[in-house]
Amino acid sequence: MQDIQTKERLRKNLDQIIWNIEQARITISEHHIVQLVAVGKYSDEENIKTLYEVGQRAFGENQVQQLETRMTNLEELPLQWHMMGHLQSNKINKLIELRPTLFQSLDSLKLATSLNEKLAQKEQKMSCLLQINAANEESKSGVKSEEAFDIYQQIQETCPQLKLKGVMSIGAHVEDEKIIQQSFEETHKIYESLKKDGAKICSMGMSNDYELAIKCGSNLVRIGSKIFK
Ligand SMILES: *Cc1c(COP(=O)(O)O)cnc(C)c1O
């Protein structure tokens, strides 16, 4: 059992974030709806359960192994599960078995091709976002901004088992807010250009930059530390 203080703290954190999201999204439009995915990687199952009890339904993990453990242990709860970390090719089958709600980190044409092939063998489909390395950082995975549009089309043409729903990006890892904003604007521009191809989700924004991301057009934020701290 979890102590009352922990529960109370998590509830307050969540309320605060929901309030901040609300303030940011209405600067765009009343009709601009933003989904919150709580990223549990720094936390534990008890805390995820507590968040469920106060209304949170979508959760994300960045490792297939951890995703599997949590999905199994929290099986009785009607949760949405998002995968958002680099997928090694030896973990593809495991991810397919888990049937995540959304695989947010499809980060190369090569991965798309192997994932598509394995999904076809199992007659399964998977909803995905194309990850864009908009900040052009060595340490990050994702396709280059200049190539994102073409790769998106290519995946749609050659990978029928993948249901591409939009794009995902991690903001530039710098102090200068202008540069972070540029990386979000760049991703959003690509997202806009892909709307005619059915893109519906623009996933950008984490604990330190979600309000800025929303103001740049994000409609899905992935927040870990600010919720679970
Ligand atoms: C960990 C992680 C997050 C959440 O990070 P915080 O800064 O703790 O909010 C979001 N997206 C991805 C891809 C992550 O790996």
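Residues numbered from 1 in each chain as written. Predicted model: local features only at pLDDT ≥ 70, side-chain atom pairs only at ≥ 80, totals over all residues. Heavy atoms only, no water.

In the nomenclature of an unreviewed UniProt entry, the protein corresponds to Pyridoxal phosphate homeostasis protein from the organism uncultured Sulfurovum sp. The heading Function (unreviewed entry) in the UniProt record of the protein holds the text "Pyridoxal 5'-phosphate (PLP)-binding protein, which is involved in PLP homeostasis." Per UniProt, the comment on the protein under Sequence similarities (unreviewed entry) is "Belongs to the pyridoxal phosphate-binding protein YggS/PROSC family." (UniProt positions renumbered as here; feature names shortened; annotations may be inferred.)

### Observations concerning the pattern of salt bridges
Evaluated as defined, the whole model comprises 11 salt bridges. For Glu97, the salt bridge goes to Lys94, with nearest N and O atoms at 3.3 Å. Here Glu97 pairs with Lys94, and both are found in helix H4 (residues 92–98), just 3 residues apart, close to one helical turn. The partner of Glu192 in a salt bridge is Lys195, and the shortest N-O contact between them spans 3.2 Å. Given a relative accessible area of 37%, Glu192 falls into the partly exposed group. You can call Lys195 partly exposed: its relative accessible area is 40%. Among the ionic contacts, a cluster of salt bridges with common partners joins Glu8, Arg11 and Asp15. (Salt bridge = Lys/Arg side-chain N within 4 Å of Asp/Glu carboxyl O. Helix = DSSP H or I, 4+ residues; strand = E, 2+ residues; numbered from the N terminus. Buried < 20%, exposed > 50% of the residue type's maximum accessible area, 1.4 Å probe, protein only.)

### Here we look at the packing of helix H1 (residues 4–25) against helix H2 (residues 45–53)
One can describe the packing of H1 onto H2 by two numbers: an axis separation of 10 Å at closest approach and a directional angle of 60°. The orientation of H1 with respect to H2, classified from their angle, is oblique. As for how H1 packs across H2, the hand of that crossing is right-handed. Together, Thr6, Lys7, Leu10 and Leu14 of H1 and Asn47, Thr50, Leu51 and Glu53 of H2 make up the contact between the two elements. Looking at side-chain class alone, the contact of H1 with H2 contains 3 nonpolar, 3 polar and 2 charged residues. (Axes fitted to C-alpha atoms, helices over the stretch in contact; angles between N-to-C directions. Parallel < 35°, antiparallel > 145°, perpendicular 65-115°, else oblique. Left-handed = near helix turned anticlockwise from the far one by under 90°. Contact = heavy atoms within 4.5 Å. Nonpolar A, V, L, I, M, F, W, Y, C, P; charged D, E, K, R; others polar.)

### Looking at the site of the ligand
Surveying the vicinity of the ligand reveals the residues Val39, Lys41, Tyr42, Asn62, Met84, Met206, Ser207, Arg222, Ile223, Gly224 and Ser225. A distance of 2.5 Å separates an oxygen atom of the ligand from a polar side-chain atom of Ser207. A distance of 2.9 Å separates a nitrogen atom of the ligand from a polar side-chain atom of Arg222. Here the ligand, which alone exposes 390 Å², has 91% of that area covered by the protein. When grouped by side-chain class, the residues that make up the shell around the ligand number 5 nonpolar, 4 polar and 2 charged. (Near = heavy atom within 4 Å. Polar contact = N/O pair within 3.5 Å; in protein donor to acceptor, adjacent residues only side chain to side chain. Areas by Shrake-Rupley, 256 points an atom, 1.4 Å probe, with all protein chains shown as cover.)

### Here's the deal with helix H5 (residues 109–121)
Every α-helix carries 3.6 residues per turn, so stepping three or four residues along brings you back to the same face. Under the 1.5 Å per step criterion, the end-to-end length of H5 is 19 Å for 13 residues, consistent within 8% with the ideal 18 Å. Those residues of H5 that sit buried are Leu111, Ala112, Leu115, Asn116 and Leu119. Axial view of H5: buried residues confined to an arc of 130°, hence all on one face. Seen from the open side of H5, the exposed residues pointing more than 90 degrees away from its buried face are Lys110, Glu117 and Gln121. (Expected span 1.5 Å × (residues − 1). Arc of directions from axis to C-beta.)

### What about the side chain of Gln124?
Inspection of the secondary structure assignment puts Gln124 in the loop between H5 and strand S5 (126–132). Note on Gln124: relative accessible area 10%, which makes it buried. When residues no more than four places from it in sequence are discounted, the contact partners of Gln124 are Ile96, Arg99, Leu119 and Gln161.

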